[in-house]
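# Report on the structure
Residues per chain, in single letters:
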Amino acid sequence: MQLSGNQAERTAPVALALHAADPITAEGVLAFLRSVPEQVTVLPEQQEAEAEVLLLLAGRVTDNFLARMRCRTFTPIPCVLVANAISDAQLVRAIGHGLTGFLPRQQVTLQDVVDAVRSSRSGRTQLPDSSVDLLVEHFRRMQQNLNGGAAPGGLAEREVAVLRLLAEGMDTAEMAAHLSYSERTIKNIIHGFITRLGVRNRTHAVAHAIRADVL
């Protein structure tokens, strides 16, 4: 039976460019990738422009690492990142540079990495649930700003709702249940307005909102 063009692409090995923060990690992953040639083909450095997916391996994601990632992705190409952790701000930046998959290093196998690379070529995104919550909140806030949805004091309506519950003495779990958000989303909202307003903690944020006649 002859495969269609799309079917052939899905079954063909992914042309992969690999970059690792350290040579030991690179050698171990490269050895595994070469053992599954029916799934991926690792391109030599001089042929990286032909890659369909970029696989990035890092222990800790730094600003310098993200800057290098940006330099490698001037031509749009899906990127899969394997790292110990990534901050909220770094995740948003990385997605702007073409990130389509993030895998926590301690929680995945090498076959999971290969599966994520193949999914990335097919246009699918693979992110932890907590990262999806973050991105939904980030883009919802952007939309609110575009629509002029900010409340007095430079606070978004959702931030005001959280501040009101903070003023009532609710903890993170109680606020999440009351507003039908995840606890991760509540923490992101609180971290966002504490950072933006330049206040020290939750109590200071409530005081700022009171002085701004928001509460």
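Structure first, text after, so check above.
Notes on the structure follow. (Residues numbered from 1 in each chain as written. Predicted model: local features only at pLDDT ≥ 70, side-chain atom pairs only at ≥ 80, totals over all residues. Heavy atoms only, no water.)

### So, the overall build of the protein
- Across its full length, the protein carries ten helices and seven strands.
- The proportion of buried residues among the 215 residues of the protein is 40%.
- For the protein, the share of sequence-separated contacts (at least 6 apart) that also reach a separation of at least 24 residues comes to 65%.
- Carbon and sulfur atoms make up 52% of the accessible area of the protein, which amounts to about 12000 Å² in all. (Helix = DSSP H or I, 4+ residues; strand = E, 2+ residues; numbered from the N terminus. Buried < 20%, exposed > 50% of the residue type's maximum accessible area, 1.4 Å probe, protein only. Contact = heavy atoms within 4.5 Å. Areas by Shrake-Rupley, 256 points an atom, 1.4 Å probe, with all protein chains shown as cover.)

### Considerations on the pattern of salt bridges
- Under the definition given, this model contains two salt bridges.
- Of the charged contacts, one joins Glu159 and Arg196 as a salt bridge, the two residues approaching to 2.7 Å between their closest N and O atoms. Of this pair, Glu159 sits in helix 7 (residues 157-167) while Arg196 is found in helix 9 (residues 183-197), placing the two residues 37 residues apart along the sequence. (Salt bridge = Lys/Arg side-chain N within 4 Å of Asp/Glu carboxyl O.)

### Focus: empty space enclosed by the protein
- This structure, assessed with the given rule, holds one cavity of 30 Å³ or more.
- In this structure, the largest cavity encloses a volume near 30 Å³.
- Lining the largest cavity are Val80, Thr100, Gly101, Ala116, Ser119, Ser120, Arg124 and Gln126.
- Ranked by the residues each element gives to the lining of the largest cavity, the list is headed by helix 5 (residues 110-121), at three residues. (1 Å grid on protein atoms, 1.4 Å probe; cavity = no way out; pocket = protein on both sides within 12 Å on 5 of 7 lines; lining within 4 Å. Points joined across faces, edges and corners; volume = space filled by probe spheres on them.)

### A few points about the pairing of strand 3 (residues 53-57)
- Most of strand 3 is tucked away, with five of its five residues classed as buried.
- Going residue by residue along strand 3, you find Val53, Leu55 and Leu57 tucked away on one face and Leu54 and Leu56 tucked away on the opposite face as well.

### Some remarks on the nonpolar core
- Within the largest apolar cluster, 21 residues are counted, with the highest numbers of intra-cluster contacts made by Val61, Met69, Leu81, Ile86, Leu99 and Phe102.
- Residues in contact with Val61, not counting those within four places in the same chain, are Leu66, Leu81, Ala83, Ala85, Ile86 and Gln90. (Core = buried A, V, L, I, M, F, W, Y, C linked by side-chain atoms within 4.5 Å.)

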